[in-house]
Amino acid sequence: MSEDRREKTPAGGEGLWRGLEEPAGEPDGLSRRQVLGGSLLGLCGLAAGCNWLPQETRDMAPLTRDQPELVPGRPLVFATGVSRNGHAVGVLVRSSMGHPIKVEGNPAHPSSLGATDIFCQVEIDRLYDPDRSQGVRRGGHVSTWADLSAALGPALDRLRGRRGAGLAILTGEITSPLLGRQLTALLAALPGARWYRHEPVGREQAEAGARIAYGEPLRAVYRLDGADVIVALDSDFLFDTPGRLAYARQLADRRRLWDQDPRPGSMNRLYVVEPFPSITGQNADHRLRLRRSEVAAFAVALGRELGAANPAGAGGAPAADPPGGQAGRWLAALAGDLRQRAGRSAIIVGEAQPPAVHALGHAINEHLGNLGQTVLLQPPGETPHGDLAAITAELRAGHVEMLLVLGSNPGYTAPADLRFAEAVAHARVAVHHGLYADETAALCGWHVGALHELESWSDLRGHDGTAGLLQPLIAPLYQGRSAHELLGLVAGDPLRTDLERLRESWKGLDEASWRRALERGVIDGTAAPERRAKVRRAEVEAALGRLAGPERAAAPGGGSLELVFTPDVTVWDGRYANVGRLQELAKPVSQITWDNAICVSPGTATRLGLKTEELVELALGERTITGPLLVQPGQADDSVVVSLGYGRPRAGRHGDGLGLDAYTLRRAAALWVEPGARLRQASGTHRLARTQYHQRTEGRDMVLEGLRVKEELRPARGAPGVVPRYSLYPEVAYTGRQWGMVIDLTTCIGCNACNVACQEENNIAVVGRKETLNMREMYWIRIDRYYKGDAADPEILTQPVPCMHCEKAPCEVVCPTGATQHSADGLNEMTYNRCVGTRYCSNNCPYKVRRFNFYHYHDATTPVLKLARNPEVTVRSRGVIEKCTYCVQRIRNAEIQAAVTGQPIAEGSLQTACQQVCPTHAIVFGDLSRKDSQVSRLRALPRRYDLMADLNTRPRTSYLTRLRNKNPALG
């Protein structure tokens, strides 16, 4: 790419660009012989000859009824669940010879609908993590469960004598009916005990807003399949809400309807107002960048424009100044769109907004007639006695004799001003229970290693309240205990098994219903009932009036900046920091791996004279952190964004010491945004391992975009090129199946789930930060991210790029050993034991989708890591080229099964890993020789195009043009 294009395109050109720098070559200064040593090394405490099957094998229920017993080489599938922030995602787990190897979505579960996200996919890695806590520890030394029971006995006797006074239990979000019943029973028996809840990325603001609006903390569940217009006010609902997978499916189903129903209104429209680019924002039809503190004023103005609320401040003055500029132009157009679609729209407010804004969101939804249509209200779960601030105060006051911390890590995630670490020392006995001996475990005298969710019996509720059973797929790898066992010990009931407790908790289910619930992973009829409620408009307007003054004062001025906190898109709040796959996964927008950064807009960077990768000091009052700067297009000016989850001292081999600890700047009264931040340049630089410039295609535009205008499809920007009629490559005559794939860019949200699923299925190695800096990451699918338009506020486009499986493949003719060949069913195959690593195929591939093993990236010595690998896929070694195979192992298994049964492969029964995981069904795979197959129908659509078609490679992977449904009133 020329210097001229690098200078002009980000400033507002019509072409696509990947970043502000657009380098022309590889980075300098690093040896190609350096590798991140020990990236997967470690010890495990497994004993030889361990039995992998749970003791309660007879009680397990696989999904496959025809052959429930173990057969060598034939995996079984079990329905269970995994959680994030306590909320369930129903999954199907493939088990090979008694140990789980792959997680898929459960189509029967309403929070999954057959899909998963990146966090569900890596539960296999967390299960087999050698750094997991392996038992009970006292003061950092190995102990036993019996020692813990004996040591707690006298303290528990004293607490029972005082009816529980002095016992404090701190948990994360709890949706397990069994755990909830245990807590309720314990608090009833010991009424002096107190239960507190702490989630670094919780739903406290939303619950407080519902309390203002309805008088009780009702929870909103959305039905986006009925929404023509969706407005996200600082809400990344496709990423950080409990219903994210269901919402993504509902959103996508309405966006793909245009191909079958081109009438106006068949395709929904998404508006997003946010301070920095998010997964939801990059998929918006219209995106408005505002500082986080300005979103409230915009929401108030929208409510007033619609007539849903008319708040007044002190003395009857307007509660907020009407927005100007682009925000002012938005108001009339957005309000008009919402009025036209009353009862068919949805307002979604993000957790980072104040409770008053959440209350206003409820008021607008009620005013538009959305309640009971696209927005359903459900009763809240169990309510704790207090939050982290309350239990910290109790600890400091000396009111806590015994502290139990279950599944939470406040030693790392607590706001800095609470000084939780100092407060813990006031408890006479402190017990921590978790998967890792983490920062909180170091503060407590006792630590109990937790069982993984794939090792234990339990239950969980999904985003709509639907309950599902969790069954163990493997015997506990270590000497851990479940939260049910620890609570049973405290309650004086330590002898019953978790299965016995679970059966008693669900004693209303007869044997047939219990078996059905195990097989399907869902307990029928357990969704939370819908609650009808009316918004208390006076209370909402009063809350907005009280909010208006501080909001106006929060606007940065005098050279100060607004500091914004956000959960990280790969390690969340830090709990996934030790998962190498997620550390190496490029973040969807910034494309950073193995790090976080201090992010500012191009305008702010120019004003302050700062550049990407320069070290800067970020100060908030007396608190400071120093780290690398990232200039992020699309971010609001005068706003500094730092993601949570990094800078951990006790995360494990993959996460220790990486990045910046943003929790050290966080205050309990300002969890998500705080004005008055200052930035100044520090000495030095820090290279960020970003991947947006890797595998570049020399300026060729790979992603095409169009507009949905009334009943017509406006021609896509650019053109796929003229396909030559003739070729030097010989034609292949096919007599059987022909496999192909179509990726719909309109419904792809760029969530990275396909990328991680491909890694888990195909045993793809993690190479580490140093090798990523050398452009040597091994992903078989890359998610390209492009910007379009002005650097300050560009549109963002994403595109998954696997191997194209070209009909006229340039890689095949240059291989001297015949390692890459064309199969009889159209696959571009790789025979690894023939490859000698010449890399001619990689040089000849115009799509840059082949990866070369420079080193032995796989750990071949740690026994527990071997259990995580798919036995149906070769573990590649040094000196071999590898790439996407369309999951050929799945294809061959389906063909063998079809030959055995004499039945054809049914449409949709064979899915690649990337297709199966996709929450939006953006990826479709199938047999091109069948004209009635879905993949054939999609390839016949006018939106279909091939990458670099003018090269005449004739790819088997095609794309459907990205469409945006713009509001004509906004241009």
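Analysis parameters
Residues numbered from 1 in each chain as written. Predicted model: local features only at pLDDT ≥ 70, side-chain atom pairs only at ≥ 80, totals over all residues. Heavy atoms only, no water. Helix = DSSP H or I, 4+ residues; strand = E, 2+ residues; numbered from the N terminus. Buried < 20%, exposed > 50% of the residue type's maximum accessible area, 1.4 Å probe, protein only. Contact = heavy atoms within 4.5 Å. Areas by Shrake-Rupley, 256 points an atom, 1.4 Å probe, with all protein chains shown as cover. Pairing = 2+ DSSP bridges. Axes fitted to C-alpha atoms, helices over the stretch in contact; angles between N-to-C directions. Parallel < 35°, antiparallel > 145°, perpendicular 65-115°, else oblique. Left-handed = near helix turned anticlockwise from the far one by under 90°. Expected span 1.5 Å × (residues − 1). Right-handed = clockwise from strand over helix to strand, strands pointing away.

### A word on the overall build of the protein chain
When helices and strands are tallied, the protein chain shows 28 helices and 40 strands. Taking all 971 residues of the protein chain together, the buried fraction comes to 62%. For the protein chain, restricting intrachain contacts to residue pairs at least 6 apart in sequence, the fraction spanning at least 24 positions comes to 76%. For the protein chain, the exposed area adds up to about 35,500 Å²; of that, 52% sits on carbon and sulfur atoms.

### A few points about the sheet that holds strand β3 (residues 87-96)
Backbone-to-backbone hydrogen bonds join strands into a sheet, with any given pair of strands oriented parallel or antiparallel. The sheet built from 3 strands is open, its strands ordered β2-β3-β4 with antiparallel pairing. Here the strands that pair on one side only, and so sit at the sheet edges, are β2 (76-84) and β4 (99-105). Sheet twist, expressed as the mean angle between neighbouring strand axes with direction ignored, is 40°. Pairing between β2 and β3: 9 bridges, direction antiparallel. If you follow L76 over to β3, its bridge partner there is S95.

### Brief notes about the sheet that holds strand β38 (residues 944-945)
Ordered by their spatial adjacency, 4 strands build an open sheet running β37-β30-β39-β38, and the pairing between neighbours is mixed. Two strands in the sheet have a free side with no partner beyond their single neighbour: β37 (923-927) and β38. For strand β30 (residues 739-744) and β37, the ladder comprises 5 bridges, and the chain directions are antiparallel. When the bridges of β37 are listed, W739 appears paired with D927.

### Here we look at the environment of G164
By the secondary structure assignment, G164 is in the loop between α4 (145-161) and β7 (167-171). Judged by its relative accessible area of 0%, G164 falls in the buried class. Along the chain, G164 and A193 lie 29 residues apart, while their C-alpha atoms are 4.5 Å from each other. Not counting residues within four places of it along the chain, the set of residues in contact with G164 comprises L159, L190, G192 and A193.

### A word on the packing of helix α5 (residues 177-189) against helix α16 (residues 483-490)
The geometry of α5 relative to α16 is characterised by a closest axis approach of 10 Å and an angle of 15° between their N-to-C directions. By the angle between their axes, α5 is roughly parallel relative to α16. α16 is crossed by α5, and the crossing has left-handed handedness. Along the contact surface, α5 presents L178, L179, Q182, L183 and L186, while α16 presents A483, H484, L487, G488 and V490.

### Regarding α5
One turn of an α-helix holds 3.6 residues; hence residues three or four places apart share an orientation. When the terminal C-alpha atoms of α5 are compared, their 18 Å separation across 13 residues agrees well with the 18 Å that a helix rising 1.5 Å per residue should span. Of the positions making up α5, those classed as buried are P177, L178, L179, G180, Q182, L183, L186 and L187. Tucked into the core, α5 has its buried residues touching β7, β8 (194-197), β18 (458-461), β19 (467-470), α16 and α17 (498-505).

### So, the pairing of β8
Note: β7 against β8, 4 bridges, orientation parallel. Of the residues in β8, the one forming a bridge with I169 is W195. In the classification by handedness, the crossover that spans β7, the intervening α5 and the parallel β8 is right-handed.

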